[in-house]
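Here is what each chain is made of, one letter per residue.
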Amino acid sequence: MATETRVQTPAYTKLELRTAYGPVYREVSTNPPREARADEIPVIDISGIYGDLEARKELASRVKHAAESTGFFYIKGHGIPESAIQGARKASRDFFKQSEEKKLLVSKDKGKWYNGYTGNQTAMASPTEGLDYRESFAWRYEPQYDPDPKDPSAVPAEVKPWIRGENYVWEGTDHIPGFKEGCITYWQECLKLARRLVRIFALCLDLPEDYFDSVTTYPGSDGVFNYYPAMSEEEAKASRDIGLGSHTDLQCFTLLWQDMIGGLQVLNNGGQWIKASPIEGTFVVNIGDYLMRLTNDRMKSTVHRVYNRSTVDRYSMPFFFGFNFNETCGVLPSCVDNDHPAKYEPISCGDWTQLRFEQTDVQPKVAVQ
Ligand SMILES: O=C(O)CCC(=O)C(=O)O
Ligand SMILES: [Fe+2]
């Protein structure tokens, strides 16, 4: 009797990730992605953020739990007006539906600091997964738009070299009615919420609530529109592209609005992909590398990706929040003790971000945010 030889598919494959200090590798299960359970990516009602100290402390305990386990959670009751979201969605659609020639008016290559347009299949978040089937438009902090009003002529000398916004993104889009307003209004709402949320993080870390206020006056705050173009049925079947390759976010935390198409996946501790499927009315919040570092790895910056071969367009709008780029910060005092010495040297959020952008720069200026 002939013996049957079965070719076993390997249970794990190797995934290459980019970090500030070069590539790292993760073992990833070949099991198909499954839906996340509520205890893995919980939905947290954050309306207590607008309440009294008791409510804020109660919220902090739930945020702490999520930040220290998967590092991902959904927020509802966030207070970002629907009109601001819809205004940004319209701006995003109006931008991406333009001709390539018009979009290239604000090409990332025109600037110094990763503002503007990145074309489809010109960036590669993870070398294992090939080019990203994604277009994006990014704009970064400028004091004149800060919802906490700032006198642009009074920006401290040490902060000035770290202001990363570039005006060409607005000049090259001023033919799109209401575009800049749609972007800035949404960005301002995200920034207001992020400044409240960073106070919740201070509470999570047993620090005074205002601990981070002085380092978030001119903060890292990058607005991004992501567009994942639809594929035909045939293209989808033949495609080897992924929407956005596996990566971690860079700064303190990300507020992510996603439409209802789906595709966001999170790599859990066991190397299993879990789906962070869209939930109407929520944002996804996830911890970034800089906060993980400051908390001595207590809070988790988790690998994620967008796996999208949809036959309809997908849009998402992340907002990346960090500290003033000039501020050099080390591991937080509440995250070290005799048994847990600081694992990391102090570094500024600006230098940290730049290090990783340079790693991702396969060709100049194609960094994933
Ligand atoms: O499009 C998404 O849902 C996620 C985007 C993302 O992870 C990013 O832009 O860093
Ligand atoms: Fe991301």
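The structure presented is a predicted model; accordingly, all values stated were derived computationally and were not measured.

Glancing now at the overall build of the chain. When its secondary structure is counted, the chain shows 8 helices and 17 strands. In terms of overall dimensions, the chain is globule-like: its C-alpha atoms have a radius of gyration of 20 Å, near the 21 Å expected for 369 residues. With respect to the three principal axes, the spread of C-alpha positions in the chain is 85 × 55 × 35 Å. Residue burial in the chain is summarised as follows: out of 369 residues, 55% are buried. Restricting the contact set of the chain to residue pairs at least 6 apart, pairs at least 24 apart contribute 78%.

Time to look at the coordination of the iron ion (ligand 2). Taken together, the protein donors to the iron ion (ligand 2) comprise His247 (NE2), Asp249 (OD) and His304 (NE2), at separations of 2.1 to 2.2 Å. Mapped onto the sequence, the residues coordinating the iron ion (ligand 2) show the spacing H-x1-D-x54-H. Comparing His247 with Asp249, the two get one shared label, buried.

Here we come to the packing of helix H2 (residues 82–96) against helix H5 (residues 179–204). Two elements in contact, H2 and H5, have axes separated by 8 Å at closest approach and are oriented at 135 degrees. When the axis of H2 is compared with that of H5, the two are oblique. You can see that H2 and H5 cross each other, and the crossing is left-handed. On H5, the residues touching Ala84, Ile85, Gly87, Ala88, Ala91 and Phe95 of H2 are Phe179, Gly182, Cys183, Thr185, Tyr186 and Glu189. Among the residues forming the contact of H2 with H5, the class breakdown is 8 nonpolar, 3 polar and 1 charged.

All right, on to the sheet that holds strand E13 (residues 283–287) then. Taken together, 8 strands build an open sheet; the order of strands is E4-E5-E13-E10-E15-E8-E7-E6 and the sheet is mixed. In this open sheet, the two edge strands, each paired with only one partner strand, are strand E4 (43–45) and strand E6 (116–118). Here the average twist between neighbouring strands, direction ignored, is 25 degrees. Alignment of strand E5 (residues 72–76) against E13, held across 4 bridges, turns out to be antiparallel. Among the inter-strand pairings, Tyr74 is bridged to a residue of E13, identified as Val284. The strands touched by helix H1 (residues 53–68) are E4, E5 and E13; relative to E4, the strand with the most contacts, the crossing angle is about 160 degrees.

Relative placement of two packed helices is described by the angle separating their axes and the distance separating the axes. At their nearest, the axes of H1 and H5 sit 8 Å apart, and the two run at 80 degrees to each other. Between H1 and H5, the angle falls in the class roughly perpendicular. Contacts between H1 and H5 involve Arg56, Lys57, Leu59, Ala60, Val63, Lys64 and Ala67 from the former and Ile200, Phe201, Leu203 and Cys204 from the latter. Counted by class, the contact of H1 with H5 contains 8 nonpolar, no polar and 3 charged residues.

Let's shift gears to unusual backbone geometry. In the Ramachandran plot, Tyr114 falls in the positive-phi region, its phi being about 65 degrees despite a non-glycine side chain. You can see Tyr114 is positioned in the loop between helix H3 (100–103) and E6. On the accessibility criterion, Tyr114 (3% relative accessible area) is buried. With a phi angle near 60 degrees, Asn296 is a residue other than glycine that sits in the positive phi range.

Attention shifts here to the site of ligand 1. Around ligand 1 sit 14 residues in total, of which Tyr228, His247, His304, Arg314 and Ser316 are the nearest. For ligand 1, an oxygen atom lies 2.6 Å from a polar atom in the side chain of Ser316. The protein chains hide 98% of the 300 Å² of surface that ligand 1 would expose on its own. At the level of secondary structure, the elements contributing two or more residues to the shell around ligand 1 comprise strand E8 (219–228), strand E9 (244–247), strand E14 (304–306) and strand E15 (314–324). No other element matches the 4 residues that E15 contributes to the shell around ligand 1. In terms of residue class, the shell around ligand 1 is built from 6 nonpolar, 5 polar and 3 charged.

Right, let's get into the confidence of the model for the chain. Per-residue confidence for the chain averages 94 on the pLDDT scale, and 95% of its residues sit at or above 70. Confidence metrics for the complex model read pTM 0.95 and ipTM 0.99.

Conventions and cut-offs
Positions within a chain are numbered from 1, following the residues in the order the chain's sequence is written. Starting at A for chains and at 1 for ligands, labels are handed out in the order in which the entities are written. Since the coordinates come from a predicted model, pLDDT governs what is reported: local features require at least 70, and pairs of side-chain atoms require 80 or more to be given and counted, while whole-chain, interface and lining totals use all residues. Excluded from the side-chain calculations are hydrogens and water; all other atoms, namely the structure's heavy atoms, are used. Helix and strand definitions follow DSSP, with helices as H or I runs of at least four residues and strands as E runs of at least two, each counted in order from the N terminus. Based on C-alpha atoms, the radius of gyration is set beside the globule rule, defined as 2.2 Å times the residue count to the power 0.38. When accessible area is computed with a 1.4 Å probe and restricted to protein chains, residues below 20% of their type maximum are described as buried, those above 50% as exposed, and intermediate ones as partly exposed. Only heavy atoms enter the contact rule, under which two residues are in contact if any of them lie within 4.5 Å. Because water is not among the atoms used, a metal site may look incomplete, as its donors are only the N, O and S atoms within 2.8 Å, or 3.2 Å for Na, K and Ca. To obtain each axis, a line is fitted to C-alpha atoms, and for helices this fit is confined to the stretch in contact; angles are then taken between N-to-C directions over 0 to 180 degrees. Angle categories are assigned with fixed cut-offs, so that under 35 degrees is roughly parallel, over 145 is roughly antiparallel, 65 to 115 is roughly perpendicular, and the rest are oblique. Note on convention: near helix rotated counterclockwise from far helix by under a right angle means a left-handed crossing. Clockwise means right-handed. Each residue gets one of three labels, nonpolar for Ala, Val, Leu, Ile, Met, Phe, Trp, Tyr, Cys and Pro, charged for Asp, Glu, Lys and Arg, and polar for the others, Gly among them. Pairing between two strands is assigned when DSSP locates at least 2 bridges connecting them. Residue proximity to a molecule or strand is established when one non-hydrogen atom of the residue lies within 4 Å of it. Residues adjacent in sequence count toward polar contacts only when both atoms are side-chain atoms; beyond that, a polar contact is any pair of N or O atoms within 3.5 Å, and within protein one must be able to donate a hydrogen and the other to accept it. Where accessible areas are quoted, they stem from the Shrake-Rupley method and a 1.4 Å probe; at the residue level, only the protein chains shown are allowed to cover. As a per-residue measure, pLDDT tells how confident the predictor is, with possible values from 0 to 100.

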